[in-house]
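Listed below, chain by chain, are the residues.
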Amino acid sequence: MRTLALVTASGAALLTAGTPAPVTLAAAGGPDAALAAPAPAPRPVLPAVPLAPVARAHQEPARAHRSRPAPAPAPDRESTGVGAADLLAGVSACEQVSNGKYRKDAAASADVRVCGAEGAVFWKADLDVDCDGRTTAACNAATDPFFHGDTAFHASDGRPLDAESLPYVVVPAPSGVWDYAESGIRGGGVVAVVHGEKVEYAVVGDVGPERVIGEASYATARSLGIDPDPGSGGAPSGVTYILFKDSRVSPIEDHEAAERMGRALAEEFVRGH
């Protein structure tokens with residue numbers, strides 16, 4: 001068949017081209033040796049293999065033999081800051097500085113004392129959500145039946161504070177029970193608010209009723225994992241407020257500055273206890 005013959009012939013030609021021809025030596029006195037011994041057929045030239053990928057492969061470490069990475073060092077207090085347990089240990093005992101006790105709510109009995117410590121005052125109470133200040137989507141007359149569009153302390157632009165975005169704490173108005181200013185507390189002062197295992201650094205941002213204590217902004221409650229709804233949220237107990245004396249964040253709305261100052265003051269407070 002024609003196809004088979006062509007394949008056979010082609011195969012034979014390839015075999016012949018790839019095999020050197022036998023060399024015939026010319027006898028003495030015979031024809032020219034160069035003509036008697038035909039030159040061998042050239043060998044096929046193979047394409048050059050690029051070396052760059054091979055070199056790169058040898059430069060990479062053998063993944064299968066790569067040793068397991070060393071475990072990360074345990075975090076220390078200097079790098080992570082103090083935790084809730086550290087702060088609570090510093091306020092385990094109360095040296096009362098108030099002349100009486102405060103109510104958690106207007107209808108509750110008075111059972112909250114303001115306590116003094118080295119460099120701070122503190123109390124343990126509930127957390128009522130304060131939405132006072134600028135009108136926002138979360139804080140307004142429709143969401144909070146007791147909404148008031150102002151705060152005792154204002155932002156650097158002269159406007160009321162934004163309870164939805166700024167963590168702040170409410171202190172009771174000065175009275176015969178206690179005057180926050182006499183304890184070195186003022187607007188913009190730094191506060192560590194502790195709830196469970198969480199710590200939020202806030203500022204003194206508003207002033208409330210004379211006889212009621214335990215109130216913080218919408219943003220503070222949200223950061224602590226407490227329901228921030230001003231009508232139905234808050235925490236009935238288990239919240240500790242530690243106010244650092246003679247501290248102040250300026251401008252008052254700079255929350256990052258409050259966090260930096262708060263961590264430093266908390267470190268100092270824990271070392272002192």
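Source: prediction; values computed, not measured.

1. Looking at the side chain of Asp-126
Step number 1: Considering the arrangement of structural elements, one finds Asp-126 in strand 5 (residues 120-130).
Step number 2: Buried Asp-126, no salt bridge; nearest opposite-charge side chain is Lys-104, N-O distance 6.3 Å.
Step number 3: Excluding anything up to four places from it in sequence, Asp-126 contacts Lys-104, Asp-105, Ile-213, Gly-214, Ala-235, Pro-236, Ser-237, Val-239 and Tyr-241.

2. Quick word on the packing of aromatic side chains
Step number 1: Summed over the entire model, instances satisfying the criterion amount to 3 aromatic pairs.
Step number 2: Note on Phe-244 and Phe-269: the rings are 6.2 Å apart at their centroids and 75° apart in plane angle, and the pair reads as edge-to-face. Linking Phe-244 in strand 10 (residues 235-244) with Phe-269 in helix 7 (residues 255-272), this pair joins segments that are 25 residues apart in sequence. Across the pair, exposure class does not vary: Phe-244 and Phe-269 are buried alike.
Step number 3: Joined through ring pairs, the aromatic side chains of Trp-123, Trp-178 and Tyr-241 make up one cluster.

3. Let's talk about the pairing of strand 8 (residues 198-208)
Every regular strand shows the same layout, with side chains that alternate between the two sheet faces.
Step number 1: Burial of strand 8 is extensive: 8 of the 11 residues sit out of reach of the surface.
Step number 2: Two strands pair when backbone bridges link them, and strand 6 (residues 168-172) and strand 8 are joined in this way by 5 bridges, in the parallel orientation. Bridge pairing in strand 8 places Val-171 opposite Val-207.
Step number 3: Strand direction decides the pairing type here: strand 7 (residues 190-195) and strand 8, joined by 6 bridges, are antiparallel. Considered in strand 8, the bridge of His-195 is made with Lys-198.

4. Considering the environment of Ile-242
Step number 1: Note that Ile-242 resides in strand 10.
Step number 2: Separated by 24 residues in the primary sequence, Ile-242 and Ala-266 have C-alpha atoms spaced 9.2 Å apart.
Step number 3: Setting aside residues up to four positions removed in sequence, Ile-242 forms contacts with Leu-87, Val-91, Ala-120, Val-121, Phe-122, Val-190, Val-191, Ala-192 and Phe-269.

5. Side note on the pattern of salt bridges
Step number 1: Overall, the coordinates contain 3 salt bridges when judged by the stated rule.
Step number 2: Here Asp-157 makes a salt bridge to Arg-159, at a shortest N to O gap of 4.0 Å.
Step number 3: In this structure Arg-159 comes out as partly exposed when scored by relative accessible area, which is 44%.
Step number 4: Between Arg-271 and Glu-267 there is a salt bridge, and its shortest N-O distance comes to 4.0 Å. With a gap of 4 residues between them, Arg-271 and Glu-267 both fall in helix 7, about one helical turn apart.
Step number 5: Here the salt bridges do not stand alone but share partners, grouping Arg-134, Asp-157 and Arg-159 into one network.

6. A word on the state of the cysteines
Step number 1: Using the criterion set out here, one finds 2 disulfides in the structure.
Step number 2: Each sulfur of the disulfide joining Cys-94 and Cys-115 lies 1.8 Å from the other. A torsion of -90° about the S-S bond marks the disulfide between Cys-94 and Cys-115 as left-handed. With Cys-94 in the loop between helix 5 (84-90) and strand 1 (95-96) and Cys-115 in strand 4 (residues 115-117), this residue pair connects regions lying 21 residues apart in the sequence.
Step number 3: A disulfide bridge connects Cys-131 with Cys-139, and the sulfur atoms are separated by 2.0 Å. Judged by the sign of its S-S torsion, about -60°, the cystine formed by Cys-131 and Cys-139 is left-handed.

Basis of the calculations
Residues numbered from 1 in each chain as written. Predicted model: local features only at pLDDT ≥ 70, side-chain atom pairs only at ≥ 80, totals over all residues. Heavy atoms only, no water. Helix = DSSP H or I, 4+ residues; strand = E, 2+ residues; numbered from the N terminus. Buried < 20%, exposed > 50% of the residue type's maximum accessible area, 1.4 Å probe, protein only. Lys, Arg positive; Asp, Glu negative; His and termini not counted. Salt bridge = Lys/Arg side-chain N within 4 Å of Asp/Glu carboxyl O. Contact = heavy atoms within 4.5 Å. Phe/Tyr/Trp six-rings, centres within 6.5 Å; stacked < 30°, edge-to-face > 60°. Pairing = 2+ DSSP bridges. Disulfide = S-S within 2.5 Å.

Just distances and angles here, no functional claims.
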